[in-house]
Every structure is written in C-alpha cells, then in structure tokens.
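Examining the three-dimensional arrangement
Next come the chains, spelled out residue by residue.
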Amino acid sequence: MREIQSLARGIQIIDMIVNSNTKVSTTEVAIELDVDKSTASRLLSTLQTYDYVQQIAGERGYIAGKRLHRISW
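First, a word on scope: everything that follows refers to the structure included in this document. (Residues numbered from 1 in each chain as written. Predicted model: local features only at pLDDT ≥ 70, side-chain atom pairs only at ≥ 80, totals over all residues. Heavy atoms only, no water.)

1. Section: the packing of helix α1 (residues 5-18) against helix α3 (residues 37-49)
For the pair α1 and α3, the least separation of the axes is 10 Å and the interaxial angle reads 75°. Between α1 and α3, the angle is such that the two are roughly perpendicular. Each of Ser 6, Arg 9, Gly 10, Ile 13, Ile 14 and Ile 17 in α1 lies in contact with α3, whose residues at this interface are Thr 39, Leu 43, Leu 44 and Leu 47. Class assignment of the residues belonging to the contact of α1 with α3 gives a composition of 6 nonpolar, 3 polar and 1 charged. (Axes fitted to C-alpha atoms, helices over the stretch in contact; angles between N-to-C directions. Helix = DSSP H or I, 4+ residues; strand = E, 2+ residues; numbered from the N terminus. Parallel < 35°, antiparallel > 145°, perpendicular 65-115°, else oblique. Contact = heavy atoms within 4.5 Å. Nonpolar A, V, L, I, M, F, W, Y, C, P; charged D, E, K, R; others polar.)

In structure tokens, the structure reads:
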C-alpha cells in the first residue's frame, strides 16, 4: 500500500504528542521522523494551524491542541 508521506508524518507527530507526558520539541520530532528541523517545524506549524497541536506561549515544545481534545471524547 502506498502512503502519503507528509500525512503519515503528521499522524506520527500526533501519536508522539498524545503518548508523551511532557511537551514534544521540534528537535525530538526531527529525530524521531529522521527529517531536518526545518521540515519538522513546518509539519508542526501545519498541525498547529488546524489546532491539532499547540505551543504554549513563551515555551518551546508542543502539546495536544483543541481539535485533538475535541475528537478524543
């Protein structure tokens, strides 16, 4: 089965965040997905645009966003 790589990466990031007890950093995402930090940053930014992840103001790292909380009910 063929997959859409960027979608698969987005799903992997969501899995990382929901399975983490702390914030997930851009560096951690880059290492886990074996991509450049700039790619990890763009993926996280896209997920943030759609409220799947959020970045706490003044802090580094990402947590589950409003949309993830909404669909997890």
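The rest of the description comes next.
2. Some points on the pattern of salt bridges
Considering all chains together, one arrives at 1 salt bridge under this definition. For the salt bridge of Glu 59 with Lys 23, the shortest nitrogen-to-oxygen distance reads 2.8 Å. Note that Glu 59 is positioned in the loop between β1 (53-55) and β2 (62-64) and Lys 23 in the loop between α1 and α2 (26-33), a separation of 36 residues in sequence. (Salt bridge = Lys/Arg side-chain N within 4 Å of Asp/Glu carboxyl O.)

3. Things to note about α1
Since the α-helix advances by 3.6 residues per turn, residues separated by three or four positions end up pointing in the same direction. The terminal C-alpha atoms of α1, which comprises 14 residues, lie 20 Å apart, in line with the 20 Å expected from a rise of 1.5 Å per residue. Buried residues belonging to α1 abut α2, α3, β1, β2 and α4 (66-71). (Expected span 1.5 Å × (residues − 1).)

4. Some points on a nonpolar patch on the surface
A grouping of Ile 4, Leu 7 and Ile 11 is seen on the molecular surface, where their side chains present a nonpolar patch of about 310 Å² in accessible area. Inspection of the secondary structure assignment puts Ile 11 in helix α1. Judged by its relative accessible area of 45%, Ile 11 is partly exposed. (Patch = residues over 30% accessible without salt bridge, like charges linked within 9 Å, V, L, I, M, F, W, Y side chains within 5 Å. Areas by Shrake-Rupley, 256 points an atom, 1.4 Å probe, with all protein chains shown as cover. Buried < 20%, exposed > 50% of the residue type's maximum accessible area, 1.4 Å probe, protein only.)

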